[in-house]
Amino acid sequence: MFNIWPRAMGEGCQPSQSRFGATFRIGLGVAAGAAFIVLVVRDVHLPEVWALLQNAALAPLLFAFLAFVTDFLLRALRFWMILKQTSSRDLPLGPTVAPFIASFGVNDVLPLRLGDGFRVVWFSRQFRISAGTVVGAMIVERVLDLVTIVVLRALAMALLDLSAASATAWHFELALVVALAGGFGMLLAPAFLARVFEKLLHGVELSVVVMALSGLKATSAAVLQVGSWYKIIVLTAISLALWVLESLVLIGAWLSLDRAAHDFLKPFLAFVFSTLGTLIPSLPGHFGAFEFFGVQAFALVGVDAPTAVAVLLVAHFILWAPIAIFGICWLLVGRLEKAQLPT
């Protein structure tokens, strides 16, 4: 689950504008999340879903949990590698892991992706790195995520031979192609794109356009700081590996409900759709959007709605609860330790 640009990039507005924008984004997320939930449950017989959940097997869920833990440890390693490169600092790995994971937990329980802001503040203060450098590392992280998840979606669609279904949503496909092309452009030609965006910014006065172009320019500059193509390739490979690991959560949930192992591509497709769906504003933890887009993917491959909803609910719980609990506990423990320090 990810967002393209970190929350901290939107700072710098007037207080009144900031309050209005925050209220608007919260309202939009709540409305969109509630609408998605209504769309999911209106055609589903919930007692059937509950019956499926009651019969879930434990072993595949433990497998899914272990895959998820490995996924997040790999994410922490990737962010550390990016931050080391963009800051030109020899940062220790150990102290970065817990706050990195906790930032996702904050995002999962609070609106406005406040965990992104927490990550920027914590890393910049703890390691005396500029906030802009931390934001740059997060931008590189998000570009890698976008590129790899779109690649995995194309792979899943091809393996399941869903080209006909894909053609019916050509506008969605076009958006993904543009996103993939732009993402690869950012990764492979950041210096060229930075100069292009610099020229495009001249003479532009419309604030929305300026914000978008400035964000794209910052993204290109951040990727440029990472260094050689070899490092980009290594980071891309790590990104593919961690998203495959996270997809095992949905596959584990599928297997726990006694579904056929040879149909593993069906939950894999649902995972990719659900993850892309989290780009849309929704409730904290992406509740609503994750389930809605996952159900649409399952429908493409002939999975009935009760099974689809049951699998998605189990997977979403595994994806959400451990990180949310860890984030809250880590913040509480940190606050207690601060309170106990001698003054």
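Look up a bit, the structure's there.
Described below are features of the structure shown in this document. What you are looking at is a predicted structure, and each value in this text was computed from that prediction instead of being measured. (Residues numbered from 1 in each chain as written. Predicted model: local features only at pLDDT ≥ 70, side-chain atom pairs only at ≥ 80, totals over all residues. Heavy atoms only, no water.)

Turning to the overall build of the protein, a few remarks are in order. Secondary structure assignment for the protein yields 14 helices and 0 strands. Traced from its N-terminal end to its C-terminal end, the protein shows the element sequence α-α-α-α-α-α-α-α-α-α-α-α-α-α. The burial tally for the protein puts 46% of its 343 residues in the buried class. Of the contacts formed within the protein by residues at least 6 apart in sequence, a portion of 77% connects residues at least 24 apart. About 16800 Å² of surface is accessible on the protein, with carbon and sulfur atoms providing 71% of the total. (Helix = DSSP H or I, 4+ residues; strand = E, 2+ residues; numbered from the N terminus. Buried < 20%, exposed > 50% of the residue type's maximum accessible area, 1.4 Å probe, protein only. Contact = heavy atoms within 4.5 Å. Areas by Shrake-Rupley, 256 points an atom, 1.4 Å probe, with all protein chains shown as cover.)

With that out of the way, let us pick up the packing of helix α5 (residues 114–127) against helix α6 (residues 131–159). Where α5 contacts α6, the two axes come as close as 8 Å, and the packing angle between them is 130 degrees. Between α5 and α6, the crossing angle belongs to the class labelled oblique. Helix-helix and strand crossings are classified by hand; for α5 and α6 the assignment is right-handed. Contacts between α5 and α6 pair Asp-116, Arg-119, Val-120, Phe-123 and Ser-124 from the former with Ala-131, Val-134, Val-135, Met-138, Glu-141 and Arg-142 from the latter. Grouping the amino acids of the contact of α5 with α6 by side-chain chemistry returns 6 nonpolar, 1 polar and 4 charged. (Axes fitted to C-alpha atoms, helices over the stretch in contact; angles between N-to-C directions. Parallel < 35°, antiparallel > 145°, perpendicular 65-115°, else oblique. Left-handed = near helix turned anticlockwise from the far one by under 90°. Nonpolar A, V, L, I, M, F, W, Y, C, P; charged D, E, K, R; others polar.)

Let us look at a nonpolar patch on the surface. There is a patch of nonpolar side chains on the surface, built from Val-109, Leu-110, Leu-114, Ile-328 and Leu-332 and spanning about 390 Å² of accessible area. Considering the arrangement of structural elements, one finds Val-109 in helix α4 (residues 94–109). (Patch = residues over 30% accessible without salt bridge, like charges linked within 9 Å, V, L, I, M, F, W, Y side chains within 5 Å. Salt bridge = Lys/Arg side-chain N within 4 Å of Asp/Glu carboxyl O.)

Our next topic: the pattern of salt bridges. Across all of its chains, the model carries 12 salt bridges by this definition. Salt-bridge contacts for Glu-141 lead to Arg-78; the nearest nitrogen and oxygen are separated by 3.9 Å. One end of the pair, Glu-141, is in helix α6; the other, Arg-78, is in helix α3 (residues 58–87), and 63 residues separate them in sequence. Classification of Glu-141 as buried rests on a relative accessible area of 1%. On the basis of relative accessible area, Arg-78 is assigned to the buried category, the value being 0%.

Before going further, it helps to examine the packing of α6 against helix α11 (residues 229–256). Between α6 and α11, the shortest axis-to-axis distance is 9 Å and the interhelical angle comes to 60 degrees. Taken together, the axis directions place α6 and α11 in an arrangement best described as oblique. Where α6 crosses over α11, the two elements pack in a sense that is right-handed. Note on element contacts: α11 touches α6 through Leu-235, Thr-236, Ser-239, Leu-240, Leu-242, Trp-243 and Val-244, opposite Leu-144, Asp-145, Thr-148, Ile-149 and Leu-152. In terms of residue class, the contact of α6 with α11 is made up of 8 nonpolar, 3 polar and 1 charged.

On to the packing of aromatic side chains. For the coordinates displayed, the defined rule picks out 16 aromatic pairs. Ring centres 5.5 Å apart and planes at 25 degrees place the aromatic pair Phe-79 and Phe-100 in the stacked group. Of this pair, Phe-79 sits in helix α3 while Phe-100 is found in helix α4, placing the two residues 21 residues apart along the sequence. Summarising the burial analysis for this pair, Phe-79 and Phe-100 share the class buried. Taking the centre distance of 6.0 Å and the plane angle of 50 degrees together, the rings of Trp-243 and Phe-271 count as tilted. Separated by 28 residues along the polypeptide, Trp-243 in helix α11 and Phe-271 in helix α12 (residues 265–277) bring together distant segments of the chain. The burial state of Trp-243 is the same as that of Phe-271; both residues are buried. Aromatic rings pair up to connect Phe-68, Phe-72, Phe-79, Phe-100, Phe-104, Phe-118, Trp-122, Phe-123, Phe-127 and Trp-330 into one cluster. The aromatic ring of Trp-243 is capped on one face by Arg-75, whose charged end is 4.3 Å from the ring centroid. (Phe/Tyr/Trp six-rings, centres within 6.5 Å; stacked < 30°, edge-to-face > 60°. Lys NZ or Arg CZ within 6 Å of the ring centre and 35° of its normal.)

This part is about unusual backbone geometry. The backbone phi angle of Arg-113 is positive, close to 50 degrees, even though this residue is not glycine. Tracing the backbone shows Arg-113 in the loop between α4 and α5. What makes Arg-113 buried here is its relative accessible area of 16%. In this structure, Asp-161 takes a positive phi of about 55 degrees despite not being glycine. Summarising the element assignment, Asp-161 is placed in the loop between α6 and α7 (163–167).

Mapped onto the elements, Val-234 comes out in helix α11. Given the relative accessible area of 26%, Val-234 is considered partly exposed. On a C-alpha basis, the gap between Val-234 and Arg-78 in space is 9.6 Å, while along the polypeptide they are 156 residues apart.

Don't take any of this as a statement about function, it's just geometry.
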